[in-house]
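Given next are the chains, with one letter for each unit.
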Amino acid sequence: MLADLVAGALEDASDRRAARSLAEVEADALAAPAPRDALAALAPSDRVKIIAEVKRASPSRGALAEIRDPAALAVSYQTGGASAISVLTEQRRFGGSLDDLREVRAAVEIPVLRKDFIAEPYQVFEARAAGADLVLLIVAALEQPVLAELYGLIGQLGMTALVETHSAAEVDRALEIGAQLVGVNARNLSSFQLDRDLFGSLADSIPAGVIRVAESAVSSPADVAHYREAGADVVLIGEALVTGDDPVTTLESFLAAG
């Protein structure tokens, strides 16, 4: 599944490159307003931070929410206390787009994450040109030299990489490239099974000074409390927010639990 998602994302990026060259997108990225300081926004504090996600669908659940106005949803997240917004831009299985990212960036003041299957520099330049402050890198999807190259490029453009892991070996690989924001995804991207305790089993291998992000398997405030007790500085939440009737109230309840 992960290999298919990466291959599809690269094919879609190739189609976009045919319409707009790397040189043009790079120029747009360099001309974009300076990115926001995501590390400051997500820094550890006496309460959990939340990255709230704009997410229409997923391979595991199918359609989740129509989300006709991603900007309005992002504003509600900001109102509810989110520290950053994640925007799914993968179009085939998640129903997202770079237009969603642009609309969200124009609507909120907090940092915005491009969440996609990033595997080449063109996608990183696209993210910055569209206004992203953070870019997701999935360790399991990338060979170490490519991971290091993309991490370096993200930093050169002033953005922050959220480096996602699923095992102790992947945490080691994230730390090897100097990652300051390390996520542990409870969802296995090969089988899509969930393990809510995976974060707790890996948290101690993420050293002090590195921001710890728990991803996936959040459906209630108790799940946020579980991650917080296990050492999470930040929790990324998507499905529970987009499938509820009142994202502001839901988000506030999650924050109170942490």
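So, here is what we can say about the structure in this document.

## Focus: the overall build of the protein
For step 1, the next point in the chain: Along its length, the protein carries twelve helices and ten strands.
For step 2, the next point in the chain: Over its C-alpha atoms the protein spans a radius of gyration of 17 Å, differing by no more than 12% from the 18 Å that the globule rule assigns to 258 residues.
For step 3, the next point in the chain: Across its three principal directions, the C-alpha atoms of the protein cover 45 × 40 × 35 Å.
For step 4, the next point in the chain: When each of the 258 residues of the protein is scored for burial, the buried share is 56%.
For step 5, the next point in the chain: Across the protein, every contact between residues at least 6 apart in sequence was considered, and the portion connecting residues at least 24 apart equals 67%.
For step 6, the next point in the chain: Counting every atom, the protein has about 10,300 Å² of accessible surface; 50% of that belongs to carbon and sulfur.
For step 7, the next point in the chain: When the 22 positive and 38 negative side-chain charges of the protein are each reduced to one mean point, those points stand 2 Å apart.

## So, the pattern of salt bridges
For step 1, the next point in the chain: A full pass over the atoms with the stated rule returns 17 salt bridges.
For step 2, the next point in the chain: Among the salt bridges present, the one from Arg20 reaches Glu24, with a minimum N-O distance of 3.9 Å.
For step 3, the next point in the chain: Residue Glu24 is classed as partly exposed on the basis of its relative accessible area, which comes to 35%.
For step 4, the next point in the chain: Arg20 serves as the salt-bridge partner of Asp28, at 2.8 Å between the closest nitrogen and oxygen.

## What to know about the sheet that holds strand S4 (residues 84-88)
For step 1, the next point in the chain: Pairing is parallel around the closed barrel formed by eight strands, whose spatial order is S1-S4-S5-S6-S7-S8-S9-S10. With strand direction ignored, the average angle separating the axes of adjacent strands in the sheet is 25°.
For step 2, the next point in the chain: Relative to strand S10 (residues 234-237), strand S1 (residues 49-54) is paired through four bridges, and the arrangement is parallel. Its bridge partner being in S10, Ile50 is matched across the sheet by Val235.
For step 3, the next point in the chain: Each of S1 and S4 is contacted by helix H4 (residues 70-80), which is oriented at about 165° to S1, the strand it contacts most.
For step 4, the next point in the chain: Where helix H7 (residues 144-156) meets the sheet, it contacts strand S6 (134-138) and strand S7 (160-165), and its direction lies at approximately 175° from that of S6.

## Focus on the packing of aromatic side chains
For step 1, the next point in the chain: Applying the stated criterion to the full structure yields two aromatic pairs.
For step 2, the next point in the chain: For the ring pair Phe94 and Phe117, a centre distance of 6.0 Å and an interplane angle of 40° mean the geometry is tilted. Taken together, the residues Phe94 in the loop between S4 and helix H5 (98-107) and Phe117 in the loop between strand S5 (112-115) and helix H6 (121-129) connect sequence positions 23 residues apart.
For step 3, the next point in the chain: When its relative accessible area of 8% is taken as the criterion, Phe94 is described as buried.
For step 4, the next point in the chain: Over the face of the ring belonging to Tyr122 we find Arg17, whose NZ or CZ atom lies 4.7 Å from the ring centre.

## Description of unusual backbone geometry
For step 1, the next point in the chain: Phi is positive for Ser216, which is not a glycine, with a value near 75°.
For step 2, the next point in the chain: Inspection of the secondary structure puts Ser216 in the loop between strand S9 (211-215) and helix H10 (221-229).

## Here we look at H5
For step 1, the next point in the chain: Considered for burial, the residues of H5 that qualify are Leu98, Asp100, Leu101, Val104 and Arg105. The buried residues of H5 occupy an angular sector of 150° when the element is viewed end-on, so they sit on one face.
For step 2, the next point in the chain: Of the surrounding secondary structure, the elements contacted by the buried residues of H5 are helix H1 (2-19), S1, H4, S4, S5 and H6.
For step 3, the next point in the chain: Its side-chain oxygen placed 3.3 Å from the backbone nitrogen of Asp99, Ser97 serves as the N-cap of H5.

## Concerning the side chain of Arg105
For step 1, the next point in the chain: Of note, Arg105 is situated in helix H5.
For step 2, the next point in the chain: Non-local contacts of Arg105, meaning those with residues more than four positions away in its chain, are made with Arg36, Ile110, Pro111, Val112, Ala130, Gly131 and Asp133.

## Let's talk about the pairing of S10
For step 1, the next point in the chain: Neither face of S10 is exposed, since Val234 and Leu236 on one face and Val235 and Ile237 on the opposite face are all buried.
For step 2, the next point in the chain: In terms of strand pairing, S9 meets S10 through three bridges, oriented parallel. Bridge pairing links Val213 to Val234 in S10.
For step 3, the next point in the chain: Between the parallel elements S9 and S10, the chain passes through H10 in a crossover that is right-handed.

## So, the packing of H1 against H6
For step 1, the next point in the chain: It is at 10 Å that the axes of H1 and H6 come closest, and there the two elements cross at 70°. The angle between the axes of H1 and H6 places the two elements in the roughly perpendicular class. The interaxial crossing formed by H1 with H6 has left-handed handedness. The residues of H6 that touch H1, namely those facing Ala9, Leu10, Ala13, Arg16 and Arg17, are Tyr122, Gln123 and Glu126.

Criteria and cut-off values
Residues numbered from 1 in each chain as written. Predicted model: local features only at pLDDT ≥ 70, side-chain atom pairs only at ≥ 80, totals over all residues. Heavy atoms only, no water. Helix = DSSP H or I, 4+ residues; strand = E, 2+ residues; numbered from the N terminus. Rg over C-alpha atoms; globule rule 2.2 N^0.38 Å. Buried < 20%, exposed > 50% of the residue type's maximum accessible area, 1.4 Å probe, protein only. Contact = heavy atoms within 4.5 Å. Areas by Shrake-Rupley, 256 points an atom, 1.4 Å probe, with all protein chains shown as cover. Lys, Arg positive; Asp, Glu negative; His and termini not counted. Charge placed at Lys NZ, Arg CZ, Asp CG, Glu CD. Salt bridge = Lys/Arg side-chain N within 4 Å of Asp/Glu carboxyl O. Pairing = 2+ DSSP bridges. Axes fitted to C-alpha atoms, helices over the stretch in contact; angles between N-to-C directions. Phe/Tyr/Trp six-rings, centres within 6.5 Å; stacked < 30°, edge-to-face > 60°. Lys NZ or Arg CZ within 6 Å of the ring centre and 35° of its normal. Arc of directions from axis to C-beta. Polar contact = N/O pair within 3.5 Å; in protein donor to acceptor, adjacent residues only side chain to side chain. Right-handed = clockwise from strand over helix to strand, strands pointing away. Parallel < 35°, antiparallel > 145°, perpendicular 65-115°, else oblique. Left-handed = near helix turned anticlockwise from the far one by under 90°.

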